[in-house]
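For reference, the chains in residue letters:
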Amino acid sequence: KLLGFGLVAPVLSIEQEGRVAVAEILPATTLSETSRMTGNVFRPNYCKNGSDFDLLIVLDALMGQERDGDNLAYDRVTWLIYLTEQHKAFPRQARLPRYLAEQSIVLPPLVAEKLRRLDLEMLSSVLADYLDDRQIKAILDRRDLVLARWPEAG
C-alpha cells in the first residue's frame, strides 16, 4: 500500500470464537497463472510505464515472497494482477526469494524513489501490529538488495 502498486489481493480479518483469520477477497472471474499458461491465454499489460510484472518482482523481493503459478492470479475481466497466499511473506532473513535469482529488471525512477523513501519509522508505524522488528528491518535490507541489484532507468 505504501508503494501504491495495487497488486496484493484485498484481505478481510475475521474473528470467530476468539480466533482471528484472514480471508482474501478475489473476483469471481479469477484465473491463476498456472491456468493461464496451460490454457495458452494471452494477458495484456496495461502498465503505462513498463511492466506490471516488474512491479510484482519488486514487491516479492521486498516481501521475501516465493511466487509460483498458483499464488499469482488475474481478474479475467480487467486483467489486473492479484498476488495471493501471502502467509509465508516477510521472513526475518534479508535474502531475495529464490525465484528471483535469474530475474533482471530496470526500476522505473518513480519506483526507485519510493523504495529509497522507505525507512524504519515509516514501516514501523504501518506494520508494527503485524510484523516484528526483525521482519521490518529485513524489508529494508531486501530493499537495499533491490536497489543494488537492479538499475534505475534513465
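Residues numbered from 1 in each chain as written. Predicted model: local features only at pLDDT ≥ 70, side-chain atom pairs only at ≥ 80, totals over all residues. Heavy atoms only, no water.

(A) View of the side chain of Gln-65. Along the chain, Gln-65 falls in the loop between helix 2 (52-63) and strand 4 (72-75). Residue class for Gln-65 comes out buried when judged on its relative accessible area of 2%. Within polar-contact distance, the side chain of Gln-65 engages the backbone oxygen of Glu-85 at 3.4 Å. Those residues in contact with Gln-65 that lie beyond four places of it in its chain are Asp-60, Asn-71, Glu-85, Gln-86, Lys-88, Ala-89, Pro-97 and Tyr-99. (Helix = DSSP H or I, 4+ residues; strand = E, 2+ residues; numbered from the N terminus. Buried < 20%, exposed > 50% of the residue type's maximum accessible area, 1.4 Å probe, protein only. Polar contact = N/O pair within 3.5 Å; in protein donor to acceptor, adjacent residues only side chain to side chain. Contact = heavy atoms within 4.5 Å.)

(B) Quick peek at the pattern of salt bridges. Here the structure, examined in full by the defined rule, presents 9 salt bridges. The salt bridge partner of Glu-33 is Arg-36, with a shortest N-O separation of 2.8 Å. You can see Glu-33 and its partner Arg-36 sitting in helix 1 (residues 33-38), 3 residues apart, about one turn around the helix. Neither residue differs from the other here; Glu-33 and Arg-36 are each classed as buried. Put simply, Arg-143 and Asp-144 hold a salt bridge, and the shortest N to O gap is 2.7 Å. Exposure remark for Arg-143: the relative accessible area of 11% places this residue in the buried category. Among the charged side chains, a network of salt bridges with common partners joins Glu-113, Arg-116, Arg-117 and Glu-152. (Salt bridge = Lys/Arg side-chain N within 4 Å of Asp/Glu carboxyl O.)

(C) Spotlight on the sheet that holds strand 5 (residues 81-83). A sheet is described by the order of its strands in space; here 3 strands give the open sequence 3-4-5, paired in antiparallel fashion. Here the strands that pair on one side only, and so sit at the sheet edges, are strand 3 (30-32) and strand 5. On average, each strand axis in the sheet is inclined to that of its neighbour by 35 degrees, with strand direction left out of account. Summarising the sheet, strand 4 and strand 5 pair through 3 bridges and their orientation is antiparallel. If you follow Leu-72 over to strand 5, its bridge partner there is Leu-83. Helix 2 contacts strand 4 and strand 5 of the sheet and is inclined by roughly 15 degrees relative to strand 5. (Pairing = 2+ DSSP bridges. Axes fitted to C-alpha atoms, helices over the stretch in contact; angles between N-to-C directions.)

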